[in-house]
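Chains, contacts and geometry: an overview
As a plain string of letters, each chain reads:
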Amino acid sequence: MGKYSLIIIALICLSVLVLGHQHWKNVSQAAGIEARKAEAKLKEQEKEEREALIQSLKPENNKTQPLIDYLHYKSLTQDRVIVSLVGSNGTSGTGASNSSNSWAGRLEKSLRADRDELETLSFIKHGHEGYSTEDLIKGKKIEAVIQDNPDLIIFENSLINNHYQSLSLDQTEKDLEGIMAKLQKELPNARILIISPNPVANGKTENSLGLNYLDYIQASEKVIKKNKWTYMNSKEEIEKKLKKKNMRLADILTNDNTYPNDQGHYIWFEVMQEYFNLKK
């Protein structure tokens, strides 16, 4: 084969290589453009779906929405979602072997696991052992809650200690109204859930005023109903659970027959979890 023939073949091969490279470059560029278009389309779709979800969870459009949906909405529209808990022994976790086994600890973990967006949910606990409603006010514990600027407040009404300390029913009602007035004034956009403390073994025992624990529950419920505040009777709901599970009250209380043990806190958590998923 002549020298010129080899040169021609070499040129042809080079041309093929150049043209092939250019072809695949064009194909690659076209694929890149399509991939970017697909990615942009996906992002736009995700944005539209997120906006639709926000609108569907908007509290103004859902007057009876569960608390879990309310918190989900908050997580989609702001950087932080804060739940503040205030109360006495039930809130502090008295009787539980550790804070993660308390009803509050279990509820926080459950809420975070329930929705991906709630991973950044923060629980701030203001539980004070032995505190009555009067103690919460005098100790400026309500002001501490206000400083949290929470989206949701769970207020455990300190009625076990009110009963033990023989506070009058009038004082108990006055304290409740004062606490709620302060919270509603300073935190007008926060949701507030009032819960009763747990059932106790000596609930019929009278204090120095001749009042038993149930008297304090009923007096508080009267004020709550009058003001149309959001409320859950933890005592009754826990008792319903016990009956359903065929358990005794003594099984879920510590040796003092007053505060819940780990099992008691777990049942209290179940009650709270169900409430958070319940339409109001």
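Some details on the sheet that holds strand S1 (residues 82–87)
What the 5 strands build is an open sheet, ordered S2-S1-S3-S4-S5; its pairing is parallel. The open sheet is flanked by strand S2 (122–127) and strand S5 (231–232), the only strands paired with a single partner. As defined by bridge partners, strand S3 (residues 152–156) adjoins strand S4 (residues 191–195) across 5 bridges and the pair is classed as parallel. Within S4, the position partnered with leucine 152 by the bridge is arginine 191.

Some points on helix H10 (residues 234–245)
The end-to-end C-alpha separation of H10 is 16 Å, in line with the 16 Å expected for 12 residues at 1.5 Å each. Among the residues of H10, those classed as buried are Ser234, Lys235, Ile238, Lys241 and Leu242. End-on view of H10: buried residues confined to an arc of 125°, all on one side of the axis. Opposite the packed face of H10, turned more than 90 degrees from it, sit the exposed residues Lys240, Lys243 and Lys244. Residues of H10 that are buried in the fold lie against S4, helix H9 (213–227), S5 and helix H11 (262–276). Two or three places before lysine 235, at the start of H10, stands the capping residue asparagine 233, its side-chain oxygen 3.1 Å from that residue's backbone nitrogen. Looking one or two places after H10, you find asparagine 246, whose phi comes out positive at around 60°.

Some points on H11
Residues spaced three or four apart along an α-helix point in a common direction, a consequence of the helix completing one turn every 3.6 residues. The end-to-end C-alpha separation of H11 is 21 Å, in line with the 21 Å expected for 15 residues at 1.5 Å each. Along H11, the residues classified as buried are Gly264, His265, Ile267, Trp268, Phe269, Glu270, Val271, Met272, Tyr275 and Phe276. In this structure asparagine 261 caps H11, since a side-chain oxygen of it lies 3.0 Å from the backbone nitrogen of glutamine 263.

Some words on the packing of H10 against H11
Axis separation between H10 and H11 bottoms out at 9 Å; the angle between their running directions is 110°. Judged by the inter-axis angle, H10 sits roughly perpendicular to H11. Crossing handedness for the pair H10 and H11: right-handed. Contacts between H10 and H11 pair Ser234, Glu237, Ile238, Lys241, Leu242 and Lys245 from the former with Ile267, Trp268, Glu270, Val271 and Glu274 from the latter. Partitioning the contact of H10 with H11 into residue classes produces 5 nonpolar, 1 polar and 5 charged.

Cut-offs and rules
Residues numbered from 1 in each chain as written. Predicted model: local features only at pLDDT ≥ 70, side-chain atom pairs only at ≥ 80, totals over all residues. Heavy atoms only, no water. Pairing = 2+ DSSP bridges. Helix = DSSP H or I, 4+ residues; strand = E, 2+ residues; numbered from the N terminus. Expected span 1.5 Å × (residues − 1). Buried < 20%, exposed > 50% of the residue type's maximum accessible area, 1.4 Å probe, protein only. Arc of directions from axis to C-beta. Contact = heavy atoms within 4.5 Å. Polar contact = N/O pair within 3.5 Å; in protein donor to acceptor, adjacent residues only side chain to side chain. Axes fitted to C-alpha atoms, helices over the stretch in contact; angles between N-to-C directions. Parallel < 35°, antiparallel > 145°, perpendicular 65-115°, else oblique. Left-handed = near helix turned anticlockwise from the far one by under 90°. Nonpolar A, V, L, I, M, F, W, Y, C, P; charged D, E, K, R; others polar.

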